[in-house]
Amino acid sequence: MKENVEKKKRVFSGVQPTGQIHIGNYVGAISLWVENQDLYDNIFCIVDLHSLTIPENIAPEYLRRKVREVAALYLACGIDPEKSTIFVQSQVPEHAELTWLLNCVTPIGWLERMTQYKSKSAEMETVGTGLFDYPVLMAADILLYDTDLVPVGDDQKQHIEITRDIAQRFNHLYGEVFKIPDGLFRESGARIMGLDTPEVKMSKSLGEMKKRHSIGLLDSEEDIRDAIMRATTDSNMETRYEYASPGVKNLLVLYEVLTGSSREEVEEHFSGKNYGTLKKELVEVVLDTLRPIQQKYNEIVNEEGYLDNILNEGRMRAKEIASATIARVKEHMGLTL
Ligand code: AQP
């Protein structure tokens, strides 16, 4: 397996260890990583430095616990450490080092335009520089590994665009150093919406604040049933994607991706059936998806040393690639004697 790795395209992606990983993260990102695992040379990171961008939310003990939880969930969802490198971002200091170097070529105006920054900072009294600089750290994450493809949800499109822009600007100033990466998105399921508020994307932060907003991968059967059965719909009884309201469409998309059906199959299956049937069937599909993940998760966290070994191996491999990139970058920038 590993001998052929050089010939494969490289994939890089990550999840922030904050809040409860939800079915949106799973459908939009993690399940896509798992599906494509044999096709690519995969690097999956737990992006803990990104979690610090809103420090008020992150107590040190909480962060330590969440990093392990996310790593165990990657494995429980089907990321195979024989096929993929899994590591923790802060354990490879080159991420922070490259961020500084890229900061110096990134115009402030590009960062001021980022919609995620605008919406997050709008609600905050004190906005940290880290939140503003988040896209540059994300660019560094991706560019450090000569990444070809970044499989993410579609809320990350603007961040992929700025990564490409930063890489191109750097290459223009200093020579061809960085590969220009592309995003990889699901056709259906790239943006799962909140179950209670289908006009906004399902998010970890909202999931922590509001019951029934999201389905956490580690949620109890009772909470999952409750969240789906009380999901926002309408009174139209319309289960065709084109005409369905946002809440119903969201349920159809979840059913479609989790069962691996086509849109036509889903429409035909629910044609003439009421929303109660759709919800009940979706509950069973979600439970069938999450039961083995939860079981595997419990096994992993109870096996002493297992997670640490994987993260340690991942760190070493990531470090090897990242330090070679940093050396190349510094050489081109004149930071060598
Ligand atoms: N609702 C979603 N549907 C599909 N994909 C999603 N992703 C996130 N939400 C959805 C994708 O999951 C990966 C990890 O993203 P993240 O760690 O930034 O998670 P989040 O849920 O966006 O977390 P937050 O902290 O709660 O962010 P806000 O407050 O901004 O919503 C990414 O690939 C992401 O695209």
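Structural data are supplied above this passage.
Residues numbered from 1 in each chain as written. Predicted model: local features only at pLDDT ≥ 70, side-chain atom pairs only at ≥ 80, totals over all residues. Heavy atoms only, no water.

Draft legend 1. Examining empty space enclosed by the protein more closely. Scanning the entire structure with this criterion turns up 1 cavity of 30 Å³ or more. Lining the largest cavity are Met114, Gln116, Tyr117, Lys120, Leu131, Tyr134, Pro135 and His159. Broken down by secondary-structure element, the contributors of at least two residues to the lining of the largest cavity are helix H6 (115–122) and helix H7 (129–143). Here the lining of the largest cavity is composed, by residue class, of 5 nonpolar, 2 polar and 1 charged. (1 Å grid on protein atoms, 1.4 Å probe; cavity = no way out; pocket = protein on both sides within 12 Å on 5 of 7 lines; lining within 4 Å. Points joined across faces, edges and corners; volume = space filled by probe spheres on them. Helix = DSSP H or I, 4+ residues; strand = E, 2+ residues; numbered from the N terminus. Nonpolar A, V, L, I, M, F, W, Y, C, P; charged D, E, K, R; others polar.)

Draft legend 2. The arrangement of the nonpolar core in detail. Membership of the largest hydrophobic core comes to 63 residues, with the highest contact counts inside it found for Ile23, Ile46, Tyr74, Leu195 and Val286. The residue makeup of this core includes at least three contributed by each of domain 1 (10–186 + 304–333) and domain 2 (204–299). Excluding anything up to four places from it in sequence, Tyr74 contacts Gly14, Val15, Ile30, Trp33, Phe44, Cys45, Ile46, Ile79 and Ile86. Counting 41 residues, the second-largest nonpolar core is a separate cluster that includes Met114, Met138, Val150 and Ile160. (Core = buried A, V, L, I, M, F, W, Y, C linked by side-chain atoms within 4.5 Å. Buried < 20%, exposed > 50% of the residue type's maximum accessible area, 1.4 Å probe, protein only. Domains from an automatic or database assignment. Contact = heavy atoms within 4.5 Å.)

Draft legend 3. The arrangement of the site of the ligand in detail. In the neighbourhood of the ligand, 23 residues make up the surrounding shell, with Asp155, Ile192, Lys201, Lys204 and Ser205 lying closest. In the environment of the ligand, an oxygen atom lies 3.4 Å from a nitrogen or oxygen atom belonging to the side chain of Ser203. One of the side-chain N or O atoms of Ser205 is found 2.6 Å from an oxygen atom in the ligand. In isolation the ligand exposes 660 Å². Once the protein is present, 93% of that is buried. (Near = heavy atom within 4 Å. Polar contact = N/O pair within 3.5 Å; in protein donor to acceptor, adjacent residues only side chain to side chain. Areas by Shrake-Rupley, 256 points an atom, 1.4 Å probe, with all protein chains shown as cover.)

Draft legend 4. Layout of the pattern of salt bridges. Taken as a whole and judged by the stated rule, the model has 23 salt bridges. A salt bridge links Glu97 to Lys330; the shortest N-O distance between them is 2.8 Å. Placement of Glu97 in helix H4 (residues 94–103) and of Lys330 in helix H14 (residues 306–333) is noted, with a sequence separation of 233 residues between them. When salt bridges with common partners are traced through the structure, they connect Arg10, Asp41 and Arg317 into a single cluster. (Salt bridge = Lys/Arg side-chain N within 4 Å of Asp/Glu carboxyl O.)

Draft legend 5. Spotlight on the state of the cysteines. Per the counting criterion, the structure on display carries 0 disulfides. For Cys45, which is in no disulfide, the shortest distance to another cysteine sulfur is to Cys77 and amounts to 16 Å. (Disulfide = S-S within 2.5 Å.)

Draft legend 6. Examining the pairing of strand E3 (residues 84–88) more closely. E3 sits mainly inside the fold: 5 of its 5 residues count as buried. Alternating positions in E3 separate into two faces, Ser84, Ile86 and Val88 on one and Thr85 and Phe87 on the other, with burial throughout. With 5 bridges joining them, strand E2 (residues 41–46) and E3 adopt parallel strand pairing. Across the sheet, residue Phe44 finds its bridge partner in E3, namely Ile86. (Pairing = 2+ DSSP bridges.)

Draft legend 7. A look at the packing of aromatic side chains. This structure, assessed with the given rule, holds 8 aromatic pairs. Between Trp33 and Tyr74, the ring centres sit 5.1 Å apart and the planes meet at 80 degrees, which makes this aromatic pair edge-to-face. Residue Trp33 is located in helix H1 (residues 23–35), and its partner Tyr74 is located in helix H3 (residues 60–77); the two are separated by 41 residues in the primary sequence. Tyr74 sits in the buried class, given a relative accessible area of 0%. Residues Tyr255 and Phe270 carry aromatic rings whose centres are separated by 4.8 Å and whose planes lie at 80 degrees to one another, so their mutual orientation is edge-to-face. (Phe/Tyr/Trp six-rings, centres within 6.5 Å; stacked < 30°, edge-to-face > 60°.)

Draft legend 8. Representation of unusual backbone geometry in the model. The backbone of Arg212 shows a phi angle near 70 degrees, a positive value even though the residue is not glycine. A positive phi is found at Met237, a non-glycine position, where the angle reads about 60 degrees. Its place among the elements puts Met237 in the loop between helix H10 (221–229) and helix H11 (246–259). By relative accessible area, which is 48% here, Met237 ends up partly exposed.

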